[in-house]
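As a plain string of letters, each chain reads:
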Amino acid sequence: VGAHVAAVEGARALNAFITETPEHAFAAAKAADAALAGGSAGVLAGIPLGIKDLFATEGVETTAASDMLRGFVPRYESFVSAKLLGAGAAMLGKLNLDQFAMGSSNETSAFGNVLSPWRARNSNAALTPGGSSGGSAAAVAARLVAAATGTDTGGSIRQPAAFAGIAGIKPTYGRCSRWGIVAFASSLDQAGPMARTVTDCALLLGVMAGHDPRDSTSLDVPVPDYAAALDGDLRGKRIGIPREYRMEGMDAGLEALWQQGADWARDAGAEIVEVSLPHTAQALPTYYIVAPAEASSNLARYDGVRYGLRVTPEGGNLNDMYAATRAAGFGAEVRRRIMIGTYVLSAGYYDAYYLQAQKVRALIARDFQNVFKQCDLLLTPTAPTSAFALGSKSDDPIAMYLNDVFTVPSSLAGLPAMSVPAGLDDNGLPLGLQVIGRPLDEAGVLNAGFALE
Ligand code: GLN
């Protein structure tokens, strides 16, 4: 019992969970036993999962890691979590994240940062698990859960997966319903699985995906059996290496791993071709206009009237209540995004910033359309570095945003993209490779990931 308690306390020190739900897990485990005995078990019967605390869960507090939603207990279940629970999964709890999924290090959470279970060989510094799905990444990497849900707006599944040495896939925009997920930037948000292996991701995605009339952008297309299709055979596939992702000053270890990945793909039968995505450098500034613009609009609903927190200043009117509630409820990064977003959408600046960003977004999407005439899949690094030390970028938003340089282009184009654990850097920290595919080709992306892991 002593060792068990110590293990639980050690696990809790990662701060991966915001809410633990053992009663749910026990009930699901019992139901799984009964279903297995009766021969009618779902594919995830009794599998312990963590759910990112951005998914509404019926009867279980859902916070988006913000003071704004502390105490908010939804009376409905998100489409994605309902599918997982319906397949028999046992929810162990709600996982920590960057507040409203805004961040790349899990340090913007109102519930404290998450610790990565990894340590570098040459330093004892505490490391970030990445973000925004940092709790999901840490919980899976530390073996606290078999798998977790994540959401990815500009890299929040893929970058933490890379930092934590696990697999994660952001499907095509519209593949998984956004219904019941706290909205960040609605034209970019997608849910996806994070797990130790590509096979587990394939199994989970098959459950999470599917059409939902309650999300008007949900795609009404059949969901293939992703797991059954995995064979690691890449014969007949052309894999493009986009030249613009070879950045000045890129870590030599990362560059070598990328080359190694190309060699593995060739060994699996693929042909490797060099390709060009000319607007890659414009993706990051475009994302950091589009995402805050949509966020400022989505977050207008947190007015102290309908959800969560309400702060009523003595003698104040309705506007004072709005202002006091939003000032108290939103963290610094969320306020920064709202201010950027309202600025780029305001009359007089709309044309110069928001409209311009929309045009560049179309050019970025067209780059991918052109490139997918020359190849079937793209192979890139997931992030420019391995996990960085907690606190090392938290005072410098631009340095933080630069982390997303390889993940945002495919988000802006709505394409499926996954991060595969591919090796360790010189300090023994995980590095991820990213595979990007054509719209709805999750099967192709997963199979390439399977060949690389
Ligand atoms: N790091 C990016 C941001 O802060 C992406 C976050 C996400 O994908 N949710 O916006």
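Per chain, residue numbering runs from 1 following the sequence as it is written. Per-residue local features of the predicted model are confined to residues with pLDDT of at least 70, and side-chain atom pairs are confined, for both listing and counting, to 80 or more; whole-chain, interface and lining totals are unaffected and use all residues.

In the nomenclature of an unreviewed UniProt entry, the chain is known as Glutamyl-tRNA(Gln) amidotransferase subunit A of Sandaracinobacteroides saxicola. UniProt positions are given in the numbering used here, feature names are shortened, and annotations may be inferred rather than shown by experiment. Under Sequence similarities (unreviewed entry), UniProt gives the following word-for-word description of the chain: "Belongs to the amidase family. GatA subfamily." The annotation that UniProt attaches to the chain under Function (unreviewed entry) is "Allows the formation of correctly charged Gln-tRNA(Gln) through the transamidation of misacylated Glu-tRNA(Gln) in organisms which lack glutaminyl-tRNA synthetase. The reaction takes place in the presence of glutamine and ATP through an activated gamma-phospho-Glu-tRNA(Gln)."

Visitor: I would appreciate a short explanation of the site of the ligand in the present structure.
Guide: Note on definitions: a residue is near a molecule or strand provided its C-beta atom, placed from the backbone, lies within 6 Å of it. Around the ligand lies a shell of 13 residues, among which Ala101, Ser104, Thr153, Gly154 and Ser156 are the nearest. All residues other than Ala, Val, Leu, Ile, Met, Phe, Trp, Tyr, Cys, Pro, Asp, Glu, Lys and Arg, Gly among them, are scored as polar; the first ten of these are nonpolar and the last four charged. Grouping the constituent residues of the shell around the ligand by class yields four nonpolar, seven polar and two charged.

Visitor: Where do I start with the UniProt feature "active site" (unreviewed entry) in the chain in this structure?
Guide: Under the feature "active site" (unreviewed entry), the UniProt entry names Lys52, Ser132 and Ser156. Taken together, the annotated residues stretch across 105 residues yet fold into one region, lying no more than 11.2 Å apart by C-alpha. Given 35 C-beta atoms within a 10 Å radius, serine 132 is considered buried. In this text, helices come from DSSP runs of H or I with a minimum length of four residues, and strands from runs of E with a minimum of two, each type numbered from the N-terminal end. When you line up the elements, serine 156 lands in the loop between strand E4 (147–152) and helix H5 (158–164). Given 37 C-beta atoms within a 10 Å radius, serine 156 is considered buried. Placing C-beta atoms from the backbone, we regard two residues as in contact once those atoms come within 7 Å. Every residue in contact with serine 156, bar those within four places of it in the chain, is listed here: Ala101, Gly131, Ser132, Ser133, Gly150 and Thr151. Whether a residue is buried, exposed or partly exposed follows from its count of other C-beta atoms within 10 Å of its own C-beta, namely 20 or more, 12 or fewer, or something in between, respectively; the C-beta atoms are built from the backbone.

Visitor: Would you explain the packing of helix H8 (residues 280–298) against helix H11 (residues 351–371) in this entry?
Guide: The angle between the axes and the distance between the axes are what describe a pair of packed helices. To define axes, lines are fitted to C-alpha atoms, for helices over the stretch in contact only, and angles between the resulting N-to-C directions are given on a 0 to 180 degree scale. Between H8 and H11, whose axes approach to 9 Å, the crossing angle comes to 130°. In terms of orientation, H8 and H11 fall into the oblique class. Here H8 runs over H11; the crossing is left-handed. When H8 is examined against H11, the residues Gln282, Ala283, Thr286, Ile289, Val290 and Ala293 are found in contact with a partner set consisting of Tyr353, Tyr354, Ala357, Val360, Arg361 and Ile364. Looking at the contact of H8 with H11 residue by residue, the class counts come to nine nonpolar, two polar and one charged. Orientation labels follow simple angle bins: below 35 degrees gives roughly parallel, above 145 gives roughly antiparallel, 65 to 115 gives roughly perpendicular, and whatever is left gives oblique. Rotating anticlockwise by less than a right angle from the far helix to the near helix defines a left-handed crossing, while the corresponding clockwise rotation defines a right-handed one.

Visitor: How do you make sense of the environment of cysteine 201 when you look at a structure like this?
Guide: Tracing the backbone through its elements, the reader meets cysteine 201 in helix H6 (residues 198–208). The buried category is assigned to cysteine 201, around which 33 C-beta atoms lie within 10 Å. Sequence separation of cysteine 201 and alanine 147 is 54 residues, and the distance between their C-alpha atoms is 8.2 Å. Setting aside its immediate chain neighbours within four residues, cysteine 201 contacts Ala167, Gly168, Ile169, Pro193, Ala195 and Leu446.

Visitor: Help me understand the UniProt feature "domain: Amidase" (unreviewed entry) in the chain in this model?
Guide: Mapped onto the present numbering, the UniProt feature "domain: Amidase" (unreviewed entry) falls on residues 9–446. The span residues 9–446 is 35% helix and 14% strand, and its two end C-alpha atoms sit 35 Å from each other.

Visitor: What's the story with unusual backbone geometry in this structure? I'm lost.
Guide: Peptide bonds are trans in most cases, and residues, glycine excluded, mostly fall at negative phi. With omega at 5°, the peptide bond leading from glycine 131 into serine 132 counts as cis. Secondary-structure assignment places serine 132 in the loop between strand E3 (90–95) and helix H4 (134–141). A positive phi is found at asparagine 15, a non-glycine position, where the angle reads about 60°. Tracing the backbone shows asparagine 15 in the loop between helix H1 (2–12) and strand E1 (17–20). What makes asparagine 15 partly exposed here is the crowd of 19 C-beta atoms within 10 Å. Despite not being glycine, alanine 101 has its phi angle at roughly 65°, a positive value. As for its placement among the helices and strands, alanine 101 is situated in the loop between E3 and H4.

Visitor: Teacher, can you tell me more about H11 here?
Guide: It helps to recall that an α-helix has 3.6 residues per turn; residues three or four apart then point in one direction. In a helix, the anticipated span is given by 1.5 Å times the number of residues less one. Over its 21 residues, H11 runs 29 Å from end to end, which matches the ideal 30 Å to within 8%, given 1.5 Å per residue. Along H11, the residues classified as buried are Tyr354, Ala357, Arg361, Ile364, Asp367 and Phe368. Against the buried residues of H11 lie H8, helix H10 (332–345) and helix H13 (408–412).

Visitor: Looking at this model, I keep getting lost on the packing of H6 against helix H14 (residues 442–452). Mind explaining?
Guide: Two numbers describe how H6 lies on H14: the axes approach to 9 Å, and their chain directions differ by 160°. Here H14 runs roughly antiparallel to H6, going by the angle between their axes. Crossing of H6 over H14 shows left-handed handedness. In this structure, H6 uses Val198, Thr199, Cys201, Ala202 and Leu205 to contact H14, whose residues at the interface are Glu442, Leu446, Gly449 and Phe450. Considering only residue class, the contact of H6 with H14 consists of six nonpolar, two polar and one charged.

Visitor: Would you mind going over the nonpolar core with me for this structure?
Guide: A general tendency of soluble globular proteins is for nonpolar side chains to be buried together. Core analysis: the largest hydrophobic core is formed by 129 residues, its most contacted members being Leu49, Val140, Val435 and Leu446. When residues in this core are grouped by element, the largest group, nine residues, is from H8. Leaving out residues up to four positions away in the same chain, valine 435 has contacts with Leu377, Leu379, Ala417, Met418, Val420, Val445, Ala448 and Gly449. Nonpolar cores are identified as sets of buried Ala, Val, Leu, Ile, Met, Phe, Trp, Tyr and Cys residues joined via C-beta atoms within 7 Å.

Visitor: I tried to follow the sheet that holds E1 on my own but got confused; where do I start?
Guide: Remark on secondary structure: sheet strands pair via backbone hydrogen bonds, oriented parallel or antiparallel. Each pair of strands is called paired provided DSSP finds at least two bridges between the two strands. Spatially, the eleven strands line up as an open sheet ordered E1-E3-E2-E4-E6-E5-E10-E11-E9-E7-E8, and their pairing is mixed. If you trace the sheet from one side to the other, it starts and ends with E1 and strand E8 (271–275), each paired once. Taken pair by pair, the neighbouring strands of this sheet meet at an average axis angle of 30°, ignoring direction. In the packing of H6 onto the sheet, the strands contacted are E4, strand E5 (167–170), strand E6 (190–195) and strand E10 (417–424), and the crossing angle to E6 comes to about 145°.

Visitor: Explain the environment of isoleucine 181 here, please?
Guide: Relative to the helices and strands, isoleucine 181 resides in the loop between E5 and E6. Once residues within four sequence positions are removed from consideration, isoleucine 181 is found in contact with Leu54, Phe55, Ser78, Thr151, Asp189 and Ala191.

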